[in-house]
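# Topology and contacts: notes
Here is how the chains run, residue by residue.
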Amino acid sequence: MPAFQLKPIAEVAPLLPPDTWLAQRLQDRPAAFAGACCLLHEGDAEVDHIVLDDPTHLLDAPPADTPEGTMLVLVTGNLRVRRFVYNQGTDGATGLVVTGDLHAQNLLVGGQEVYVGGTLAVGELFWGDYNHGDLTVKGDVQARVFAETDEYHVHIDGERRFGQHVSEEEDADSRSARIAAVFDPLLYEEDDDDEAMDGRANRLVRRDALLAHLRSGGSPLGADFLAHGWREPPPAPQPSGDI
């Protein structure tokens, strides 16, 4: 199977779908990306995992130092990820462009463009976090759990088939109950929330320990949810007092 190769961005520009963010920026301001690099895989690829904070582990011989400006992983075909795609920093991370279908067990991203030219299938969790990140899928998307938080941008041309959907469009109390019922406790904490009935609500967090949890084979979803599926949480308590 062909291997990933480290290439200058300018060299892979003709391979990018023209509606990707990077293709459009390269056309408008090519000089701004003069030192940028891309990890390119031509044709279908299968990998165990991808850490987008530093994806040079995909190379057969990773460099001793992370190449400055490694801003994209590009697969010109289908990509199957046996375990997870992840990045810890959501204020800017390496982008991922797959011109075909993308299949992964878990996809926890934010702070970059994730572009899928075909269908996206996620066995457990897709979580896109923070408004510096975009997901674009030209085909259908299916995921056991699909979460979008902190104004993450989602553009899906095809059908959406989510077992559970966590988004900011849901009211704070319902979202808080859904998070507690679906996610492993490592992924959430209680915090102040003015929109919640009692002023507190669960919110998703990306703790430093999460990557080690995924590497060890752990799931981001709760054990009870994995074993039994969705159970409707009890109704939120109503405020006391005379009516």
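Notes on the structure in this doc start here. (Residues numbered from 1 in each chain as written. Predicted model: local features only at pLDDT ≥ 70, side-chain atom pairs only at ≥ 80, totals over all residues. Heavy atoms only, no water.)

On to the sheet that holds strand β7 (residues 102-109), then. Within a beta sheet, neighbouring strands are joined by backbone hydrogen bonds and run either parallel or antiparallel to one another. Read from one edge to the other, the open sheet built from six strands follows the order β3-β5-β7-β9-β11-β13, with strand pairing classed as parallel. Looking at the sheet topology across the chains shown, the edges are occupied by β3 (45-51) and β13 (160-166). In this sheet, neighbouring strand axes are inclined to one another by 15° on average, regardless of whether the strands run parallel or antiparallel. Across six bridges, the pairing between β3 and strand β5 (residues 79-86) is parallel. (Pairing = 2+ DSSP bridges. Helix = DSSP H or I, 4+ residues; strand = E, 2+ residues; numbered from the N terminus. Axes fitted to C-alpha atoms, helices over the stretch in contact; angles between N-to-C directions.)

Glancing now at the pattern of salt bridges. Under the defined criterion, the tally for this structure stands at 15 salt bridges. R161 serves as the salt-bridge partner of D140, at 3.8 Å between the closest nitrogen and oxygen. Highlighted residues: D140 in the loop between β10 (134-137) and β11 (141-149) and R161 in strand β13, separated in sequence by 21 residues. Taking relative accessible area as the criterion, R161 reaches 40% and is therefore assigned partly exposed. (Salt bridge = Lys/Arg side-chain N within 4 Å of Asp/Glu carboxyl O. Buried < 20%, exposed > 50% of the residue type's maximum accessible area, 1.4 Å probe, protein only.)

Before going further, it helps to examine the side chain of Q164. Tracing the backbone shows Q164 in strand β13. The exposure class of Q164 is buried, given its relative accessible area of 8%. With near-sequence residues (within four places) excluded, Q164 lies in contact with R144, V145, F146, R178, V182, F225 and W230. (Contact = heavy atoms within 4.5 Å.)

What follows covers the sheet that holds strand β6 (residues 95-98). The seven strands lie next to each other as β1-β2-β4-β6-β8-β10-β12, forming an open sheet whose pairing is mixed. Of all strands in the sheet, those with a lone pairing partner are β1 (5-8) and β12 (153-156), marking the two edges. Across the sheet, the axes of successive neighbouring strands diverge by a mean angle of 15°, strand direction being ignored. Pairing of strand β8 (residues 113-116) with β10, which is carried by four bridges, proceeds in the parallel orientation. Along β10, the bridge assignment pairs Y115 with T136.

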